[in-house]
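The chain contents come next:
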Amino acid sequence: MVAEELMDLVINQAANPGAPFLMGGVHSVMDMKSGILAYGAPEMNKLLAAHTEIARHLGLAFYSTAGCSDSKTVDKQAAIEGALSVMTSGLCGANMIHDVGYIEFGSTGSLQQTVMMDEAIAMVKCFLGGIPVTKETMALDLIDSVGPGGQYLDAKHTAEHFKTEFWFPSLMDRSYWDMWKNKGEKTLGDRVQEKLNHILDTHRVSPLPEQTRKEIDAIIAKAETAVRQ
């Protein structure tokens, strides 16, 4: 795969020197029982991580795969496989990540999987942010002033930082059993569907600038003319 990409790079630069170029591809193992290209296999994540390392060594950008699954529905399998692939692509430092929301080994695109993986991506981004160690984040003076047996809830430092230091979920449930039960005993799947319905009902795409629309229309018209000829 790397040999093919390097060949493509030579052709790309010969045609347009200095043009942007991305390495990347979808490679995995063939499941020996079904013959499919396994999208949720750990081997796929390892191959992509190794491929990313090669691209970084060559100084080239890389596009990877994440948030996808072999499951035929958005279930626990889809959540596990999708989240692990998101974490892998995040940790290996891929520059562009695609296939988020794919299920059935890339044969089906799922809006529910996309919404669920949006939460997983947010969690991974929080993880990748690391732990900043500064005088402000260590807050040693505050620790000293509060002392053993004290608490930090009413401290100005807490009020100033908790909204940015903590990651707040939009789908994960952290309530007590009774609270969860009183709110309808909704599963993650229920909450995913509710969020998806809200997005579909309320989201409005910002219109493209008129000049951009004209340029796109001109490109489409040129392509259609070429096809007819």
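Residues numbered from 1 in each chain as written. Predicted model: local features only at pLDDT ≥ 70, side-chain atom pairs only at ≥ 80, totals over all residues. Heavy atoms only, no water.

Draft legend 1. Broad picture of the overall build of the protein. Counting its secondary structure elements, the protein contains ten helices and five strands. For the protein, the C-alpha radius of gyration of 23 Å lies well beyond 17 Å, the compact-globule estimate for 229 residues. Along the first, second and third principal axes, the C-alpha atoms of the protein reach 80 × 50 × 45 Å. When burial is assessed residue by residue, the protein has 25% of its 229 residues classed as buried. Element-wise, carbon and sulfur atoms account for 61% of the exposed surface of the protein, whose accessible area totals about 15,700 Å². Charged side chains in the protein number 20 positive and 29 negative. The centres of these two groups are separated by 4 Å. (Helix = DSSP H or I, 4+ residues; strand = E, 2+ residues; numbered from the N terminus. Rg over C-alpha atoms; globule rule 2.2 N^0.38 Å. Buried < 20%, exposed > 50% of the residue type's maximum accessible area, 1.4 Å probe, protein only. Areas by Shrake-Rupley, 256 points an atom, 1.4 Å probe, with all protein chains shown as cover. Lys, Arg positive; Asp, Glu negative; His and termini not counted. Charge placed at Lys NZ, Arg CZ, Asp CG, Glu CD.)

Draft legend 2. Structural context of helix H3 (residues 76-92). Helix length check: H3, at 17 residues, gives a terminal C-alpha distance of 24 Å against a target of 24 Å (1.5 Å per residue), a fit within 8%. Those residues of H3 not exposed but buried are Ala-78, Glu-81, Gly-82, Ser-85, Val-86, Ser-89 and Cys-92. With its buried residues spanning 145 degrees around the axis, H3 presents them on a single face. The exposed set on the far side of H3, more than 90 degrees from its buried face, consists of Lys-76, Ile-80, Leu-84 and Leu-91. The inward-facing, buried residues of H3 contact helix H2 (42-58), strand E2 (61-65), strand E3 (96-98) and helix H4 (111-128). Put simply, Asp-75 is the residue that caps the front of H3, since its side-chain oxygen is 3.2 Å from the backbone nitrogen of Gln-77. A positive backbone phi angle near 80 degrees is found at Gly-93, which sits one or two residues after H3. (Expected span 1.5 Å × (residues − 1). Arc of directions from axis to C-beta. Contact = heavy atoms within 4.5 Å. Polar contact = N/O pair within 3.5 Å; in protein donor to acceptor, adjacent residues only side chain to side chain.)

Draft legend 3. Structural context of the sheet that holds strand E1 (residues 22-24). Judged by pairing direction, the sheet is parallel, and its three strands sit side by side in the order E1-E2-E3 without closing on themselves. The open sheet has two edge strands with one neighbour each: E1 and E3. Recorded for the sheet is a direction-independent mean angle of 30 degrees between the axes of neighbouring strands. (Pairing = 2+ DSSP bridges. Axes fitted to C-alpha atoms, helices over the stretch in contact; angles between N-to-C directions.)

Draft legend 4. Looking closely at the pairing of E2. Summarising the sheet, E1 and E2 pair through three bridges and their orientation is parallel. The residue bridging Gly-24 from the neighbouring strand is Tyr-63, located in E2. The parallel pair E1 and E2 is bridged by H2, and the resulting crossover is right-handed. As defined by bridge partners, E2 adjoins E3 across three bridges and the pair is classed as parallel. Directly across from Tyr-63, in E3, lies its bridge partner Met-96. (Right-handed = clockwise from strand over helix to strand, strands pointing away.)

Draft legend 5. Broad picture of the environment of Arg-191. Assignment of secondary structure puts Arg-191 in helix H9 (residues 188-202). The class of Arg-191 is buried, set by a relative accessible area of 19%. Between the C-alpha atoms of Arg-191 and Val-115, which are 76 residues apart in sequence, the distance is 9.9 Å. Not counting chain neighbours up to four residues away, the residues in contact with Arg-191 comprise Leu-171, Met-172, Asp-173, Trp-180 and Lys-186.

Draft legend 6. Representation of the side chain of Ser-85. Mapped onto the elements of the fold, Ser-85 is located in helix H3. Given a relative accessible area of 2%, Ser-85 falls into the buried group. In this view, Ser-85 contacts Asn-45, Thr-65, Ala-66, Gly-67 and Cys-68; residues no more than four positions away in its chain are not counted.

Draft legend 7. Region of interest: the packing of aromatic side chains. Enumeration according to the criterion identifies one aromatic pair in this entry. Aromatic side chains Trp-177 and Trp-180 sit 5.0 Å apart centroid to centroid with 55 degrees between the ring planes, which places their arrangement in the tilted category. Linking Trp-177 with Trp-180, this pair stays in helix H8 (residues 177-182), spanning three residues, or about one helical turn. (Phe/Tyr/Trp six-rings, centres within 6.5 Å; stacked < 30°, edge-to-face > 60°.)

Draft legend 8. Representation of the packing of H2 against H3 within the structure. For the pair H2 and H3, interaxial distance at closest approach is 9 Å and the crossing angle is 15 degrees. What the angle tells us is that H2 and H3 run roughly parallel. H2 and H3 meet at a crossing whose hand is right-handed. In this structure, H2 uses Asn-45, Ala-49, Thr-52, Glu-53 and Arg-56 to contact H3, whose residues at the interface are Leu-84, Ser-85, Thr-88 and Cys-92. Within the contact of H2 with H3, the residues separate by chemical class into three nonpolar, four polar and two charged. (Parallel < 35°, antiparallel > 145°, perpendicular 65-115°, else oblique. Left-handed = near helix turned anticlockwise from the far one by under 90°. Nonpolar A, V, L, I, M, F, W, Y, C, P; charged D, E, K, R; others polar.)

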